[in-house]
Amino acid sequence: MSELSTISRHAITVLAGQLAVMAFGVTDTIVAGRHGEASLAALSVGSAIFISVYVALIGVLQALLPVWAELRGARQTDGLGRSLRQSLYLCGAASLVGMAILLSPAPLLRWTEVPPALRTEVESYLAVLALALPPALLFRIYSTLNQALGRPKLVTWLQVGSLFIKLPLSIWFTFGGAGLPAQGVVGCAWATLVVNGSMLALAIWLLRTQDIYEPLRIWRRMEPPHWPTIAGFARLGIPAGLAVMVEVTSFTLMALFIARQGTTASAAHQIAANVAAVLYMVPLSLAIATSARVSYWLGAGDPARARKVVFIGFRLSALIGIALAAILLIAKNHIGGLYSTNTGVLALTGGVIVWVAAYHAADALQTLCVFVLRCYRITVAPLVVYCVLLWGAGLGGGYLLAYRGLGPWAAEPSPTPFWAASAVALWLTAALFLAMLWRAVRPAAKTRATGSQGR
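So, how was this worked out
- Within each chain, residues carry numbers counting from 1 in the order of the written sequence.
- Where local features are concerned, this predicted model is filtered to residues with pLDDT of at least 70; where side-chain atom pairs are given and counted, the filter is 80 or more; whole-chain, interface and lining totals use all residues.
- Note: side-chain values were computed over all heavy atoms of the structure, leaving out hydrogens and water.
- Confidence of the predictor in every single residue is expressed as pLDDT, which spans 0 to 100.
- Contacts were defined at the residue level, with two residues in contact if any of their heavy atoms lie within 4.5 Å.
- Between the rings of Phe, Tyr and Trp (Trp by its six-membered ring), a pair exists once the centres lie within 6.5 Å; its type follows the angle of the planes, with under 30 degrees stacked, over 60 edge-to-face, and the other angles tilted.
- A run of H or I in DSSP counts as a helix once it spans at least four residues, and a run of E counts as a strand once it spans at least two, with each numbered from the N terminus.
- A simple rule labels every residue: compare its accessible area, found with a 1.4 Å probe on the protein chains alone, to the largest value its type can have, and call it buried under 20%, exposed over 50%, or partly exposed in between.
- Note on geometry: axes are C-alpha line fits, over the in-contact stretch for helices, and angles between N-to-C directions span 0 to 180 degrees.
- Working definition: roughly parallel below 35 degrees, roughly antiparallel above 145 degrees, roughly perpendicular at 65 to 115 degrees, and oblique for all remaining angles.
- Should the near helix be turned counterclockwise from the far one by less than a right angle, the crossing is left-handed, whereas a clockwise turn marks it as right-handed.
- As a working rule, the residues Ala, Val, Leu, Ile, Met, Phe, Trp, Tyr, Cys and Pro are called nonpolar, Asp, Glu, Lys and Arg charged, and the rest polar, with Gly in that last group.

## Side note on the confidence of the model for the protein chain
Confidence in the prediction for the protein chain averages 86 pLDDT; 95% of positions are at 70 or higher. Counting contacts from residues 444–455, a segment whose pLDDT is below 50, to residues more than four positions away or on other chains yields 13 contacts.

## Digging into the packing of aromatic side chains
Aromatic ring pairs: the centre-centre distance and the angle between the two ring planes describe each pair. Enumeration over the complete set of coordinates arrives at 10 aromatic pairs. Ring geometry for F311 and W438: centres 6.3 Å apart, planes at 45°, overall tilted. Placement of the pair is F311 in helix α11 (residues 303–330) and W438 in helix α15 (residues 415–450), with a sequence separation of 127 residues. For F311, a relative accessible area of 29% translates into the label partly exposed. Ring geometry for Y386 against F433: centres 5.5 Å apart, planes inclined by 70°, an arrangement best described as edge-to-face. Highlighted residues: Y386 in helix α14 (residues 380–404) and F433 in helix α15, separated in sequence by 47 residues. With relative accessibility at 1%, the residue Y386 sits in the buried group. Overall, F433 belongs to the buried group, its relative accessible area being 0%.

## Notes on the side chain of T349
Structurally, the position occupied by T349 is in helix α13 (residues 343–375). A relative accessible area of 1% places T349 in the buried class. Residues within four places of T349 in sequence aside, it is in contact with A268, I271 and G336.

## Some points on the packing of α11 against α13
Relative to each other, α11 and α13 sit at 165°, their axes nearing to 8 Å. With respect to each other, α11 and α13 are oriented roughly antiparallel. Classified by chirality, the crossing of α13 by α11 is right-handed. Residues V310, G313, F314, S317, A318, G321, L324, A325, L328 and L329 of α11 form the contact with α13, whose own contacting residues are I353, V354, V356, A357, H360, A361, A364, L365, L368 and V372. Of the residues contributing to the contact of α11 with α13, the split by class is 16 nonpolar, 4 polar and no charged.

Below is the structure:
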């Protein structure tokens, strides 16, 4: 099977699972909205806090993908099993940190001036999600392992199947029935806990019964913590997790800054953000598939083949990113109608979608680059770039353009300046990441040519 076919099949499978996971959030939003305005407001605040914590922690664990793919490429199956067991210590530490934050949200709620009437509901919602966090992170380890093995299909089936459990449970726990009292928005959290626990239980069963895991000897006795290994995980995972957090919070803070412009602007921004988030799943899936193959060939001692895979993944991501951006430009005046019938919202959304198209084309490139850079153990520099450009130029520049004016541009209170500044910042980010990636792959190719590479 060609590398193009391998990457494409892997990416499509991952994409199906990612879209199913996104549908979990859509399900809760619809159910909470049907329950009442207060439930929807509590979900909005609570889910924003949970997602900020969750994505940072899964970013730490997702960064283990190149480590395990390299071990697979080097045919060190015993080493992969040991590395997997050591990752459980990192997962345990991440779970404790995340639970501590979710169980103590009061200072953050006061700082962000969340109305006191919502705080009790939000705190109850987050307390249940604190219990749901450890199984979610453990399942992420299982997911990352399967991606490293080039076998994401089992994970995708679990994610898609769980969606059909999540929907009825969220409705039942939220509205009550069959002897169960209505839980309100907290019911959505209880449904998440049940689903996460079920997915983890099925993952453990698959690890024990499926032949593909047998060579890894996963079920050996747990070794004591090997601190050099765990430190290596942390050096790779913590910057990656923080980078993901910067990406997510740049969206979160943008929404907060736009909220002062009124409901029309907020609605237009929410539509744009939702479109961007759905489209992001495509380059994300390609990046996961590409990085798994790059690390596999690096582990196999063939950096020239890894370099070839980088270019295949880059071309795929660029072509698909450009194609999706073009579709957005063609349909810019119709996309808003899928979400709203308000004429003001529709008019504003059409202009914002133009910048979403530019944003996505850059997003496709930078996502592929940042994942592959982790294969070459480059994580700190991308984090610095994210902080400076996404927070500084993107978010800060958007704020100046919207509320203060910048140079010849007068202030324009609208979501458009935020998206325009973010698109420009993301293109600069993509350019810098491309330069980093080019420098990373060239030495590998030269080393291969001289025959001095040894793994």
